[in-house]
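# Descriptive structure summary
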Number of protein chains: 4
Amino acid sequence: MTHSGWHFLQIPGPTNVPDRVLRAMARPTIDHRGPEFAALTLELIPALQRVFSTADSIVIYPGSGSAAIEAAYVNTLSPGDRVLVFETGAFSLHWKTMAEKLGLRVDYVPGNWRSGASEVELESRLSADKAHEIKAVVVVHNETSTGVASRIPELRKAMDRSKHPALLMIDAVSSLASIDYRHDEWGVDVTVCGSQKGLMVPPGLAFCAISKKARAAGGTARLPRAYFDWDGIITQNAKGFFPYTPATNLFYGLREALLMLEEEGMANVLRRHARHGEATRAAVRAWGLEIVCEDPREYSNSMTAVYMPEGHNADNLRSVILEHFNMSLGIGLAKLSGKVFRIGHLGHFNDLMLAGTLAGVEMGLRVAGVPYKAGGVMAALDSLAAAQQPALLTAQAR
Amino acid sequence: MTHSGWHFLQIPGPTNVPDRVLRAMARPTIDHRGPEFAALTLELIPALQRVFSTADSIVIYPGSGSAAIEAAYVNTLSPGDRVLVFETGAFSLHWKTMAEKLGLRVDYVPGNWRSGASEVELESRLSADKAHEIKAVVVVHNETSTGVASRIPELRKAMDRSKHPALLMIDAVSSLASIDYRHDEWGVDVTVCGSQKGLMVPPGLAFCAISKKARAAGGTARLPRAYFDWDGIITQNAKGFFPYTPATNLFYGLREALLMLEEEGMANVLRRHARHGEATRAAVRAWGLEIVCEDPREYSNSMTAVYMPEGHNADNLRSVILEHFNMSLGIGLAKLSGKVFRIGHLGHFNDLMLAGTLAGVEMGLRVAGVPYKAGGVMAALDSLAAAQQPALLTAQAR
Amino acid sequence: MTHSGWHFLQIPGPTNVPDRVLRAMARPTIDHRGPEFAALTLELIPALQRVFSTADSIVIYPGSGSAAIEAAYVNTLSPGDRVLVFETGAFSLHWKTMAEKLGLRVDYVPGNWRSGASEVELESRLSADKAHEIKAVVVVHNETSTGVASRIPELRKAMDRSKHPALLMIDAVSSLASIDYRHDEWGVDVTVCGSQKGLMVPPGLAFCAISKKARAAGGTARLPRAYFDWDGIITQNAKGFFPYTPATNLFYGLREALLMLEEEGMANVLRRHARHGEATRAAVRAWGLEIVCEDPREYSNSMTAVYMPEGHNADNLRSVILEHFNMSLGIGLAKLSGKVFRIGHLGHFNDLMLAGTLAGVEMGLRVAGVPYKAGGVMAALDSLAAAQQPALLTAQAR
Amino acid sequence: MTHSGWHFLQIPGPTNVPDRVLRAMARPTIDHRGPEFAALTLELIPALQRVFSTADSIVIYPGSGSAAIEAAYVNTLSPGDRVLVFETGAFSLHWKTMAEKLGLRVDYVPGNWRSGASEVELESRLSADKAHEIKAVVVVHNETSTGVASRIPELRKAMDRSKHPALLMIDAVSSLASIDYRHDEWGVDVTVCGSQKGLMVPPGLAFCAISKKARAAGGTARLPRAYFDWDGIITQNAKGFFPYTPATNLFYGLREALLMLEEEGMANVLRRHARHGEATRAAVRAWGLEIVCEDPREYSNSMTAVYMPEGHNADNLRSVILEHFNMSLGIGLAKLSGKVFRIGHLGHFNDLMLAGTLAGVEMGLRVAGVPYKAGGVMAALDSLAAAQQPALLTAQAR
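Residues numbered from 1 in each chain as written. Chains lettered and ligands numbered in written order. Predicted model: local features only at pLDDT ≥ 70, side-chain atom pairs only at ≥ 80, totals over all residues. Heavy atoms only, no water.

Attention now moves to the interface of chain D and chain C. If you look at the interface, chain D gives 48 residues, while chain C gives 48 residues. Overall, the association of chain D and chain C removes approximately 4,200 Å² of surface from exposure, summing both partners, and the carbon and sulfur fraction of that is 66%. By the criterion of area lost to chain C, the three top residues of chain D are Trp6, Leu352 and Arg366 of chain D, representing 22% of everything that side buries. Applying the counting rule to chain D against chain C returns 2 salt bridges. A salt bridge links Asp382 of chain D to Arg366 of chain C, with the nearest nitrogen and oxygen atoms 2.9 Å apart. Along the contact surface separating chain D from chain C lie 16 residue pairs in polar contact (both at pLDDT 80 or more). At the level of secondary structure, the elements contributing two or more residues to the side of chain D that touches chain C comprise helix 9 (248–264), helix 11 (314–325), helix 12 (351–367) and helix 13 (376–388) of chain D. Residue contributions to the side of chain D that touches chain C peak at 11 residues, all from helix 12 of chain D. Across the side of chain D that touches chain C, the residue classes tally to 21 nonpolar, 18 polar and 9 charged. (Contact = heavy atoms within 4.5 Å. Buried area = accessible area lost by both parts, 1.4 Å probe. Salt bridge = Lys/Arg side-chain N within 4 Å of Asp/Glu carboxyl O. Polar contact = N/O pair within 3.5 Å; in protein donor to acceptor, adjacent residues only side chain to side chain. Helix = DSSP H or I, 4+ residues; strand = E, 2+ residues; numbered from the N terminus. Nonpolar A, V, L, I, M, F, W, Y, C, P; charged D, E, K, R; others polar.)

Our next topic: the pattern of salt bridges. It is possible for side chains bearing opposite charge to pair when their charged atoms get close. Tallied over the entire structure, the rule returns 116 salt bridges over all chains. Across the pair Asp229 of chain D and Lys101 of chain A runs a salt bridge, and its minimum N-O distance is 3.0 Å. With Asp229 of chain D in the loop between helix 7 (212–217) and helix 8 (230–237) and Lys101 of chain A in helix 4 (residues 90–101), the pair connects residues from two separate chains. Of the residues examined, Asp229 of chain D reaches a relative accessible area of 11% and is grouped as buried. The shortest N-O distance in the salt bridge between Arg272 of chain D and Glu264 of chain D comes to 2.7 Å. In this pair, the class of Arg272 of chain D matches that of Glu264 of chain D, namely buried. If you follow the salt bridges from partner to partner, you end up with Arg20, Glu256 and Glu263 of chain A in one network. (Buried < 20%, exposed > 50% of the residue type's maximum accessible area, 1.4 Å probe, protein only.)

Right, let's talk about the interface of chain B and chain A for a bit. Across the contact, 48 residues belong to chain B and 48 residues belong to chain A. Buried surface at the junction of chain B and chain A, summed over both partners, amounts to about 4,200 Å²; 66% is from carbon and sulfur atoms. In terms of surface lost to chain A, no three residues of chain B exceed Trp6, Leu352 and Arg366 of chain B, which account for 22% of the buried area on that side. In this assembly, chain B and chain A are joined by 2 salt bridges. Remark: the boundary between chain B and chain A carries 16 residue pairs in polar contact (both at pLDDT 80 or more). Secondary structure elements with two or more residues in the side of chain B that touches chain A: helix 9 (248–264), helix 11 (314–325), helix 12 (351–367) and helix 13 (376–388) of chain B. At 11 residues, helix 12 of chain B tops the list of elements feeding residues into the side of chain B that touches chain A. For the side of chain B that touches chain A, the per-class residue count stands at 21 nonpolar, 18 polar and 9 charged.

Our next topic: the packing of helix 10 (residues 266–287) of chain B against helix 12 of chain B. Residue and element names in this part refer to chain B. Closest axis-to-axis distance for the helix 10/helix 12 pair is 11 Å, and the angle between their directions is 20°. Taken as axis vectors, helix 10 and helix 12 run roughly parallel relative to one another. Between helix 10 and helix 12 the crossing geometry is right-handed. Here Arg275, His276, Ala279, Thr280, Ala283 and Trp287 of helix 10 come into contact with helix 12, specifically with Asp351, Leu354, Leu358, Val361, Glu362 and Leu365. Looking at the contact of helix 10 with helix 12 residue by residue, the class counts come to 7 nonpolar, 2 polar and 3 charged. (Axes fitted to C-alpha atoms, helices over the stretch in contact; angles between N-to-C directions. Parallel < 35°, antiparallel > 145°, perpendicular 65-115°, else oblique. Left-handed = near helix turned anticlockwise from the far one by under 90°.)

It is worth spelling out helix 10 of chain B at this point. Residues and elements named next belong to chain B. Between its first and last C-alpha, helix 10 extends 32 Å over 22 residues, near the 32 Å set by a 1.5 Å rise per residue. Of the positions making up helix 10, those classed as buried are Val269, Arg272, His273, His276, Gly277, Ala279, Thr280, Arg281, Ala282, Ala283, Val284 and Trp287. For helix 10, the secondary structure elements touched by its buried residues are helix 9, strand 11 (290–291), strand 12 (303–307), strand 14 (340–344), helix 12 and helix 13. Residue Gly288 follows helix 10 closely and has a positive phi angle near 80°. (Expected span 1.5 Å × (residues − 1).)

For the structure shown, the criterion picks out 10 cavities of 30 Å³ or more. As for the largest cavity, its lining consists of Glu70, Val74, Leu102, Pro224, Arg225 and Phe228 of chain A together with Glu70, Val74, Leu102, Leu223, Pro224 and Phe228 of chain D. Partitioning the lining of the largest cavity into residue classes produces 9 nonpolar, no polar and 3 charged. In this structure, the second largest cavity encloses a volume near 70 Å³. Every residue lining the second largest cavity is listed: Glu70, Val74, Leu102, Leu223 and Pro224 of chain B together with Glu70, Val74, Leu102, Leu223 and Pro224 of chain C. At the level of secondary structure, the elements contributing two or more residues to the lining of the second largest cavity comprise helix 3 (65–74) of chain B together with helix 3 (65–74) of chain C. Broken down by class, the residue content of the lining of the second largest cavity amounts to 8 nonpolar, no polar and 2 charged. (1 Å grid on protein atoms, 1.4 Å probe; cavity = no way out; pocket = protein on both sides within 12 Å on 5 of 7 lines; lining within 4 Å. Points joined across faces, edges and corners; volume = space filled by probe spheres on them.)

This brings us to the sheet that holds strand 4 (residues 105–109) of chain C. Residues and elements named next belong to chain C. Spatially, 2-10-9-8-5-3-4 is the arrangement adopted by the 7 strands of the open sheet, whose pairing is mixed. Looking at which strands have only one partner, the edges of the open sheet turn out to be strand 2 (57–62) and strand 4. Each strand axis lies, on average, 20° off the axis of its neighbour in the sheet, ignoring direction. Across 3 bridges, strand 8 (residues 167–171) lies against strand 9 (residues 190–194) in parallel orientation. (Pairing = 2+ DSSP bridges.)

Okay, the relation of the copies chain D and chain C next. Superposition of the two copies of the chain requires a rotation about an axis together with a shift along that axis. With an RMSD of 0.0 Å, the operation that places chain D on chain C is a rotation of 180° combined with a shift of 0.0 Å along the axis. Seen this way, the second copy is the image of the first under a two-fold rotation axis. Within chain D, Gly356 of chain D has its C-alpha nearest the rotation axis, a separation of 2.2 Å. The share of interface residues of chain D whose copies in chain C are also at the interface is 100%, consistent with both copies meeting through the same surface. (Least-squares fit on C-alpha atoms with pLDDT ≥ 70 in both.)

What follows is the structure in structure tokens.
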């Protein structure tokens, strides 16, 4: 079936890429060893540092987010090292699996996929590890499979209380530039991210923000590393270059996207995502459906995962919506397959796009014959409009 | 204020241009006297003929819709000729003013800007003109300032009954490729259109579809004409060329847009516009606001003009919506200035874009403090979802 | 045949459009009655004034260059007015034909298509017109069909000497932003231009720069005018708007192109064109071919027209070059058809593009079996390299 | 300094990306888990197989060429395995260094950077390795730092003669789609490539073509692998998906580029590169400069490395050319730094672009004060024109 109009790409990433970014990427490719390219690199890195809230090194890979995960491990750890990974959902599982494939030993702290990493559990685990065998703690900040955002500052405090020297590695793939994130202030050692979510760039770039402690760990780390080696990259980056051919045109897109974030202002960006998270949850509640995330303190502002009513398959709903309403929603991952659909509300997004998105879900539920209460969109509009006019009495609109 | 996300361009044209069309326009410019360009022309003209439903000549101007209006006049009429123009709104007024500037005499049939051209009045006027002084009848098919669509087949029949030889000139600028239109079957002599509405191309191209009778009228027409002269263009078009440099890159965009219309299928395109017109009117009624068009037989499927409640200014509402919700709505034109806002729902558009559009209006009414009843968006969603599932009982969604 | 690599669009316009301009044009279309559009207009007009070297009004049409010619006539003249047009080639003929179609009387000063307008002849004609029946003098600054650039300051002085009040209308379509041009200083009344040559934008926009005297002439001018009427446009332009839908996306392209001209600096732009004109003529002479332009004072810096040797057809050469070397050259127009080919070297262009262009001609002559002396490219390189290093002895290069 | 006109990106990659590819990349990003993306993958892989001349698996990484090198190693080898790498230049050194970083032992066969891998040496080395300790032989097909193309079929025959079971790994980064390459017919086990050279796509994608034998080697290979693991990718690719987010927009570019190669026809693509290699060498010889590659059987058709005359620095020349002529040439790498410049003549390229390129070198030599004989461009034109008209006597052009 041929569709008219915009496709609503409401998976939790890749997100809707701004046309400004797409056009920037269409600039002719340049010499990656020439002065124009060097200037581009030297502009991008500080701009990324502002987004990660760090003064530390940032490394850019041509690669997906998984590339940055591998980079985090191989640059800091040795074969057989123990890594404490909190089970929060499919992406924590991905960190675990990658660690194991690389020859690390994983302590996987069980979770119910409805809540974030527990600071209590973290403190207890670390305190018990008198020998400091655990070399790294891994937490997915915003678990993209569930829409649960772990509270990193609380976790950091737990680590500090335990006086344990493990590195703190955070997956900020679906939180950066959507949910408040502070690499330095929160004492994160390696923050991993990709280009295709809050950063509003197509997939193909991965990032590591790296604390001095993490970089120092590289001195003794014995996992083999070549492509992912931080040192070579950071050294050449100082002059604006890379040890191998960087993904020039994605860099153009990234520059434009970072400029857009600065134009809007990060505080506004975060407020916008908070407003959209709130409105989406209002809609889900009005439909009488269940949000996966249990703890309001952990609600994700970048996406919302929603349980299907018993006996109804999420993939059927998603495909009805794709066919009838030209919108892509996120699938349920791993053990949530078929049970959950996910609404992305991050990146290049606004109130009317959210209204269209939620309208697509509400009409999709109806067309697919899924039981729901009408009124979700209206609840969201109430929430959005209220956010636009704090002082205005809502009673006025009668 | 910096906005994130898509701008909703919901004026009744220019419409949201598909990214495919924008990218097509970004192809390098080619030699307008070379074989590749000739092939482009020879592909475009038959494709346009299918859209206009005509086997007659079509002339493409680099110009706005007004260029095609001037072309219609100067190619068929002589100084002092009488033209019968039906007052339907600001665009009928534009035809009148242009005619007068060119030295024609206009019989302006008064109208209330809420209804279309009357076939009764037309028959009576023509029957009274025994001397056949009236050389042309002008009707704006879809009056873009009011959202009233005159019923051309009824008007044609009235002309036929009166056996009057006047040419029938139709302004299809905001109807073509949105509302059913048939140049040949309806016996239209000159159809005037522009690129920027249902054709989904940026503004800059204007079109005349020209009956044999209209072309023959050129033989005796004495208004001076040079740039707009049909003969030179049609002659050169036969080989794919133009007497002056055509707007190459807009041609690329037009080719892509026509391809998209063919992919969707014109019947589907028209059904889609009908569905969106219906849903929009459902929303307006639910808000308790008044639609400008009085006669349901004349409802426009490409746009809806809406009266503001007494004491509230449409331009204030429009600017609140632009500022808070990143959406452009159409202004009230001429005597409707400040009293009416217009919602464009034509061109590259779909259900979720319409939902976002109406959400923007509903929230805008609230933020601007305009009295309204909540529920317009919900009424529209009911209308849209029902259209997607004719067989499904709507009672199910409770 | 499928070609790899860039197409060399070396006709004398449309010229190679910069990728920056093409991408700018691919921005989404906006509301032509909104604040963002108004700001665009209010930025464009002063930037155009700088390019035309004028403080007078500039009007932008959606249209080809011919639209601006018609506008020049209908806004200033009355039926039957006499216009003095200098025969310089096919474009002077076009001005003549358009004038006649509009009901003006043309005094066509004969020319041999190898030289520019004569100031002696001009002064003599005007002095003879004691009754001041001649209302306008028309000169094509750079005659695109021949590559002859008339010397406008000399012509102006001749008019001044004759104390004749006729308007001076100049066609700067293929000279503006390539060859020095000064609307105000040279006392031009109407300068006509298009977007697709030195301005580096695709075709579709036309311009008139209008002196106060020309605007005043509109008060008594009786040619009918509607679409082209300056007053309505200039009035609305003051606030950034237009009486009809402007060609939004071409405006984006124009803004980017004007920015590029300012970045390079107009003095540099003119020097670059002078260097390329000189090098091209060096190549033509080295090939033993004849330049159409006879008088070195009138050499065009934007293009060069070249005679074919007796018995060889230019169109055959052009099509060999198009097929084998993926380059378009300009055809011989009107009486030069088949006898002349034209090399465009204006717009977005540089030394290596010129080298490629001339290499295409030199190899094309060979492949097409046209007699020539080898070495044209080498002569051009000598000329270009010398221009890059004035102080360096050329003897060094052995 | 601001430049007008096209930038000539004549490094040996990234190459000039076709505007068609750039525009394709600017399409909106889609759901990488939806049906449209799956169809894209399932179209790309067979198209890549045709380019690699293989029926074997092809894996696409978001990454640079180095990513594919690492993938080749970690998917087939174990820590301490011996790898035989032929020294041909900087890229063979890169393979060596990466192998060592990953914990492999490298037998580095010395070379003079002016000739390719020796089949005699290969046979001798393998025959001496009775214990079959050498697990892989690495050859850079076209050594990008020197412009020497090793003769893979001869090397394969030598391996066959020695009956040694080592895997054959070939770096085809700067040869694929420029110089004849046949993965299956030549019995290559792993071919490594990137997107940014003959494939005409911006950098950011890397490829491995993988023989059944290489895949089987993965069963016992013990180097840790996660991101680069072939099995997971190949399994998911069968349905059109990837284990992690692929670089969607670069895929769009790749699809367009592969379509362009098919339109031109691979035989024509190879002939074009051969013609340009020949013409470039003719120019270098005419200038009296020395080509790095010593053996005409090993001349590269994708690029030419040229020695500077004694006492002149290549980087100075390159920067004169960049500044004056808006062209980027390749730097001398590693031990050739300053001594060599490299001319890329691969990818989206044609005769006139080559003429412009060589003109830039010739004028650059002059402006930089490097001693040379004039006439290189003319020699190249002779070579190119002769190739266009085999039957035409060159004597005709006098």
